[in-house]
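Understanding the architecture of this molecule
Residues per chain, in single letters:
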Amino acid sequence: MRTRVAHIASNTFREAVRDRVLYNLIAFALLLSGAAILVGQISIEIEKLVVINLGLTAVSLFGVVIAIFIGIGLVSKEIEKRTLYTVLSRPVRRWEFIVGKFFGLAGTLVVNTFFMAIGVFAALFYVSHKFVRADALILVALYFIVLEFLIVCSLALLFSSFSSPLLSAVFAFSLFVIGSFAEDLRNFAGMAHGLSHWLATGAAYLVPNFSAFNVITSIAHEQPVAGQLILQNTLYAVFYAAMALSGAVLIFEHRDLK
Amino acid sequence: MPAIEILGLEKIYSVGFWRKRPKRALHPLELTVEDGEIFGFLGPNGAGKTTTLKLLMGLVFPTAGSARILGREWTDPSVKAQIGFLPEQPYFYDYLTAHELLEYYGQLSGVPGKHRKQRVEQVLQQVGLRGVQGVQLRKFSKGMLQRVGIGQAILHQPKLVFFDEPMSGLDPMGRREVRDLMEQLKHEGKTVFFSTHILSDAETLCDRVAIIHQGELRGVGAVEDLTSSVQGKVEVIWQGTQVPASIKALGAECHVTADRVRAIVAENQQDAVIDILRRERQRLIAITPVRTSLEAYFVEKLRRAETTAGSTV
Ligand SMILES: Nc1ncnc2c1ncn2[C@@H]1O[C@H](COP(=O)(O)OP(=O)(O)OP(=O)(O)O)[C@@H](O)[C@H]1O
Ligand SMILES: [Mg+2]
């Protein structure tokens, strides 16, 4: 069973590579080197700040776009093209397929993030000619970004298990945007009254709380990240992704293939 | 132990976007396929052949009923390791090569690693795909994909294979090879269940066939039994250019060519025709029984279905 999940995951990764998903790294590298060269010419004080901010934000956005664009097709495309017939007529359970797809996509994103991280560090070195201890904080920010990807992947898969790619993309992007403002939504819920209070509270806890994962600005200012936040975010991401995946499995288990 | 026992499988789809309407694809189906036979599942377009196969593969869920495959409940995951399935118009991961695809499917079916490479080569040979090393499946022709489809169905040496229109898209050589392959599988003691509307294939290959129409089973049996149940006819040929009126009166179906007349009459009218020819001093050339083909049986079954359907509306 574990090996089947692993085979499905590695095939998903292979598909992403052959579909030239990793080519996004070229765009990323161009963007980053352009920015590094540009800020290198303006000010010595803020250049590091800009590179970290811009670099990590780009890592996060590129990854989310990839997660959504691959994720929304993972199940629905296989149903549409009927490639699933010859997979599910083998000793593969439907949940194994979903979980394998998830790990394949997550793996793709981890590899992609790894290369982008190298780019960020290279750009940093280019502008400041040395690394300092505080730069290790970038790794924490990157870890949070990867956790964020896990949530986005699981949500994209969830939507992909019951709706068309286009609708799934709309849902996933909306959730990503709302989730990025989850903190504001919670504040609003605290202030509202009556029905809107309950609606806002419900929504605030249902959408993924991405605000807590965004430490880019604070680490750019070399403020440390609390160990408790790391633990909390890890648990949250694992729990959230597991729930979304379970939802995807529950839906997919009972679905007639076209 | 039968290879397949279908116990009242039934499928009603719901169609429509806003207002769901039920659409019956399969009436409760009862069918048994014995171990080691080649079984043909025949029916016109839209009869419910593919639906039945998809139900058996667990790709769609039945409205009612169940099935047993190789003596086990059909949903039992362990059954899947021992069956192979060729879907109709198969489509595969087009970014893989045929070798990679079969390798991957071998992994999923639990073909042990050390045999896998060798087995993949062997299967590609068997389905007549040579020189496709390094070619992605997106560059394969329809018939080549069909061959890959047959290959993946037999890859893990299943005891029972399900083919949905195995001949479709194949050239004459390909059809021949697939027929041989099915006979080879039978020879190895495997059971083959395949759907088709090419009746001549079914006639030459199958131990037994079932005919399905509008989601309902219309007949099951050995090909000879089914065809002999259609009333026998004989073909009478004599020298001449005219058909005597008394023969026409018997309702004979006559064709005149050059200096010969060919008449097809019911078996029990054979003597009457011979008497007439003798009286008319015609020179008899041959009398041969017309072997009713499976096609005749098939057409008759469907026609009868149509008239009964017409009368009940
Ligand atoms: N997903 C679906 N939703 C609704 N109706 C369906 C669906 N799939 C099949 N049907 C209907 O079920 C009936 C049987 O279809 P099926 O594909 O089983 O026929 P078939 O015997 O395989 O035909 P063919 O020889 O053309 O392949 C058809 O009337 C078809 O319209
Ligand atoms: Mg069909």
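Each remark here, short or long, concerns the structure printed above.
Residues numbered from 1 in each chain as written. Chains lettered and ligands numbered in written order. Predicted model: local features only at pLDDT ≥ 70, side-chain atom pairs only at ≥ 80, totals over all residues. Heavy atoms only, no water.

Below, the discussion takes up the sheet that holds strand E2 (residues 21-33) of chain B. All names here are of chain B. Taken in spatial order, the four strands line up as E2-E1-E4-E5 in an open sheet, and their pairing is antiparallel. Only two strands of the sheet have a single partner each, and these edge strands are E2 and strand E5 (72-73). As defined by bridge partners, strand E4 (residues 64-69) adjoins E5 across two bridges and the pair is classed as antiparallel. Bridging across to E5, Arg68 finds its partner in Glu73. Contacting strand E1 (4-15), E2 and E4, helix H1 (residues 49-56) runs over the sheet at an angle of about 110° to E1. (Pairing = 2+ DSSP bridges. Helix = DSSP H or I, 4+ residues; strand = E, 2+ residues; numbered from the N terminus. Contact = heavy atoms within 4.5 Å. Axes fitted to C-alpha atoms, helices over the stretch in contact; angles between N-to-C directions.)

Now for the packing of helix H1 (residues 2-18) of chain A against helix H6 (residues 94-128) of chain A. All names here are of chain A. At their nearest, the axes of H1 and H6 sit 7 Å apart, and the two run at 45° to each other. Here H1 is positioned oblique relative to H6, judged by the angle of their axes. With respect to the hand of their crossing, H1 and H6 are arranged in right-handed fashion. Contacts between H1 and H6 involve Arg4, Val5, Ile8, Ala9, Thr12, Phe13, Glu15 and Ala16 on the former and, on the latter, Trp95, Glu96, Phe97, Val99, Gly100, Lys101, Phe103, Gly104, Leu105, Gly107, Thr108 and Val111. Counted by class, the contact of H1 with H6 contains 11 nonpolar, five polar and four charged residues. (Parallel < 35°, antiparallel > 145°, perpendicular 65-115°, else oblique. Left-handed = near helix turned anticlockwise from the far one by under 90°. Nonpolar A, V, L, I, M, F, W, Y, C, P; charged D, E, K, R; others polar.)

Bringing a positive patch on the surface into the picture now. A cluster of basic residues, Arg20(A), Lys81(A), Arg138(B) and Lys139(B), forms a positive patch on the protein surface. Along the chain, the position of Arg20(A) falls in the loop between H1 and helix H2 (24-40). (Patch = residues over 30% accessible without salt bridge, like charges linked within 9 Å, V, L, I, M, F, W, Y side chains within 5 Å. Areas by Shrake-Rupley, 256 points an atom, 1.4 Å probe, with all protein chains shown as cover. Salt bridge = Lys/Arg side-chain N within 4 Å of Asp/Glu carboxyl O. Lys, Arg positive; Asp, Glu negative; His and termini not counted. Charge placed at Lys NZ, Arg CZ, Asp CG, Glu CD.)

By the definition in use, this model includes 20 salt bridges over all chains. Between Glu78(A) and Lys101(A) there is a salt bridge; the shortest N-O distance is 2.9 Å. Of this pair, Glu78(A) sits in helix H4 (residues 76-81) while Lys101(A) sits in helix H6, and the two are 23 residues apart along the sequence. On the basis of relative accessibility, which here comes to 3%, the residue Glu78(A) falls in the buried class. Salt-bridge contacts for Glu37(B) lead to Arg208(B); the nearest nitrogen and oxygen are separated by 2.9 Å. (Buried < 20%, exposed > 50% of the residue type's maximum accessible area, 1.4 Å probe, protein only.)

Here we come to the pairing of E1(B). Each regular strand carries side chains that alternate between the two faces of the sheet. All names here are of chain B. Of the strand pairs in this sheet, E1 and E4 are connected by five bridges, and their pairing is antiparallel. Following the sheet pairing, Leu7 is matched in E4 by Ser66. When E1 meets E2, the two strands line up antiparallel, connected through 10 bridges. Bridge pairing in E2 links Ile12 to Arg24. In textbook terms, the turn of a hairpin is the stretch between consecutive antiparallel strands, and for E1 and E2 this stretch comprises five residues, one of which, Gly16, has a positive phi near 105°.

Before going further, it helps to examine the coordination of the magnesium ion (ligand 2). All names here are of chain B. Summarising the metal site, the magnesium ion (ligand 2) is bound by the protein donors Thr50 (OG1) and Glu88 (OE), whose distances to it range over 1.9 to 2.5 Å. One end of the pair, Thr50, is in helix H1; the other, Glu88, is in the loop between strand E6 (83-86) and helix H2 (98-108), and 38 residues separate them in sequence. Judged by its relative accessible area of 27%, Glu88 is partly exposed. (Donors = N, O, S within 2.8 Å, 3.2 Å for Na, K, Ca; no water.)

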